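Architecture and fold: a report
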Amino acid sequence: MQKNELCEIAKRARENSYSPYSSCRVGAALLCADGNVYTGVNIENAAYSPTICAERSAFSAAITDGKREFSMIAVAGEGDVFPPCGVCRQVMAEFCSADFSVLCVTPEGYREYTLCELLPHAFTPENVKGDTL
Ligand code: THU
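Quick summary incoming for the structure in this document. (Residues numbered from 1 in each chain as written. Predicted model: local features only at pLDDT ≥ 70, side-chain atom pairs only at ≥ 80, totals over all residues. Heavy atoms only, no water.)

**Some points on the site of the ligand**
Inclusion rule: Residues are classed as near a molecule or strand on a simple rule: at least one heavy atom within 4 Å of it. Any N or O atom pair separated by 3.5 Å or less is treated as a polar contact, with the protein-specific requirement of one donor-capable and one acceptor-capable atom, and with residues adjacent in sequence counted only for side-chain atom pairs. Each accessible area is a Shrake-Rupley estimate made with a 1.4 Å probe; only the visible protein chains count as cover when residues are assessed.
Neighbouring residues of the ligand: Ser22, Cys24, Val26, Asn42, Glu44, Thr51, Cys53, Ala54, Glu55, Phe82, Pro84 and Cys85. Within the side chain of Glu44, a nitrogen or oxygen atom sits 2.4 Å from an oxygen atom of the ligand. For the ligand, the protein covers 80% of the area, taking 380 Å² as the surface of the free molecule.

**Notes on the pattern of salt bridges**
How we decide: Here, a salt bridge means any Lys or Arg side-chain nitrogen found within 4 Å of an Asp or Glu carboxyl oxygen. Burial classification: accessible surface area is computed with a 1.4 Å probe over protein chains only, and a residue below 20% of its type maximum counts as buried, one above 50% as exposed, and the rest as partly exposed.
Per the stated rule, a full pass over the model turns up five salt bridges. Among the ionic pairs, Glu126 bridges to Lys129, the shortest N-O distance being 3.1 Å. For Lys129, a relative accessible area of 63% corresponds to the exposed category.

**Quick look at the packing of helix H2 (residues 54–64) against helix H3 (residues 86–95)**
Defined as follows: The angle between two axes is taken between their N-to-C directions and runs from 0 to 180 degrees, where each axis is a line fitted to C-alpha atoms and a helix contributes only its stretch in contact. Numbering goes from the N terminus for both helices and strands, where a helix is a DSSP run of H or I of at least four residues and a strand is a run of E of at least two. Here roughly perpendicular refers to angles of 65 to 115 degrees, roughly parallel to angles under 35, roughly antiparallel to angles over 145, and oblique to all remaining angles. Note on convention: near helix rotated counterclockwise from far helix by under a right angle means a left-handed crossing. Clockwise means right-handed. The criterion used for residue contact is that any of the two residues' heavy atoms lie within 4.5 Å.
Following both chains from N to C, one finds H2 and H3 inclined at 30°, their axes separated by 9 Å at the closest point. One finds that H2 runs roughly parallel with respect to H3. By crossing handedness, the relation of H2 to H3 is classed as left-handed. Between H2 and H3, the contacting residues are Glu55, Arg56, Phe59 and Ile63 on the first element and Val87, Cys88, Val91, Met92 and Phe95 on the second.

**Concerning the pairing of strand E2 (residues 37–41)**
Condition: Whether two strands pair comes down to DSSP finding at least two bridges between them.
Pairing analysis gives five bridges linking strand E1 (residues 27–32) to E2, with the strands arranged antiparallel. Directly across from Gly27, in E2, lies its bridge partner Val41. Where E1 folds back onto E2 in an antiparallel hairpin, the turn is made up of four residues, including Gly35, whose phi is positive at roughly 95°.

Structure, rendered in structure tokens:
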């Protein structure tokens with residue numbers, strides 16, 4: 001899977017965004033280690049706080065389908081660069097390694113960041129070592 005292809009999938013997914021309150025349309029495409037791709041969109045809510053971001057929608061779909069290993073995610077939002085919010089970065093840190101790639105789609109192509117660049121000194125499962133992990 002080429003990075004450009006994943007960005008195109010995220011852009012197509014964005015068309016299904018449910019964002020009547022912000023008019024901010026966001027789509028995400030998550031590539032799993034096994035080559036499968038799951039998409040997500042932001043889903044807003046009249047009560048505002050139940051809103052879920054596109055990135056977490058994509059992770060929810062993949063995890064529900066039993067996936068646990070991920071290679072990269074492409075995020076297509078509004079404007080020039082649409083960086084993932086802090087909550088989405090934290091969800092990525094739960095499942096992805098520091099070198100996980102985040103492709104932020106731009107009008108010209110994409111900007112690539114590692115998860116470590118977006119969320120340095122992350123709080124991860126390693127910090128909650130218990131018998132069940
Ligand atoms: N949004 C995302 O989908 N992903 C992010 O990482 C940041 C924000 C959505 C949530 C809301 O529907 C809209 O963008 C404006 O915040």
